[in-house]
Amino acid sequence: MTKKELIEIYAENAELGKKEATKQVEGFLEAVQTALIDKGAVQFVGWGTFEVKQTKERIGRNPQTGEAMTIPARKVVKFKVGKKLAEKVNE
């Protein structure tokens with residue numbers, strides 16, 4: 001699903017115009033992004049948790065040449081699904 005498709009579904013479910021739905025969805029995404037940067041995690045009880053994790057530097061391979069290369073350490077965002085969402089998806 002794309003952001004545009006999400007906005008269309010949100011507009012329909014919330015009975016809003018696309019302009020207002022776009023404003024709200026973008027505001028929500030900005031708030032989540034800011035919270036991840038500032039706090040390192042965002043938890044939606046029953047739905048799931050987004051969390052910033054640090055990866056370690058590691059050795060990988062260039063797929064074209066097979067040559068060993070160093071993949072630098074970095075931060076990544078992980079999502080752990082909540083129980084209620086997991087149950088809904090598996091119905």
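Check the entry above for the structure.
Computed from a predicted structure; not experimentally measured.

Draft legend 1. Just the sheet that holds strand β5 (residues 74-81), in detail. The sheet built from 3 strands is open, its strands ordered β1-β2-β5 with antiparallel pairing. Two strands close off the open sheet at either side, each with one partner strand: β1 (41-44) and β5. Each neighbouring strand pair of the sheet contributes to a mean axis angle of 25°, computed without reference to strand direction. As paired strands, strand β2 (residues 48-55) and β5 are joined by 8 bridges and run antiparallel to one another. Bridging across to β5, K53 finds its partner in V76. Contacts from helix α2 (residues 18-39) reach β1, β2 and β5, with the element oriented near 125° to β1.

Draft legend 2. The packing of aromatic side chains, seen in detail. The final tally for this structure, using the stated rule, is 5 aromatic pairs. On the numbers, 5.9 Å between centres and 40° between planes, the contact of F28 with F44 is tilted. Residue F28 is located in helix α2, and its partner F44 is located in strand β1; the two are separated by 16 residues in the primary sequence. Note on F44: relative accessible area 26%, which makes it partly exposed. When the centroid spacing of 6.3 Å and the interplanar angle of 40° are considered together, the rings of W47 and F50 count as tilted. Exposure remark for F50: the relative accessible area of 23% places this residue in the partly exposed category. Grouped by ring-pair contacts, the aromatic residues F28, F44, W47, F50 and F79 constitute a single cluster.

How each quantity is defined
- Residues numbered from 1 in each chain as written.
- Predicted model: local features only at pLDDT ≥ 70, side-chain atom pairs only at ≥ 80, totals over all residues.
- Heavy atoms only, no water.
- Pairing = 2+ DSSP bridges.
- Helix = DSSP H or I, 4+ residues; strand = E, 2+ residues; numbered from the N terminus.
- Axes fitted to C-alpha atoms, helices over the stretch in contact; angles between N-to-C directions.
- Contact = heavy atoms within 4.5 Å.
- Phe/Tyr/Trp six-rings, centres within 6.5 Å; stacked < 30°, edge-to-face > 60°.
- Buried < 20%, exposed > 50% of the residue type's maximum accessible area, 1.4 Å probe, protein only.

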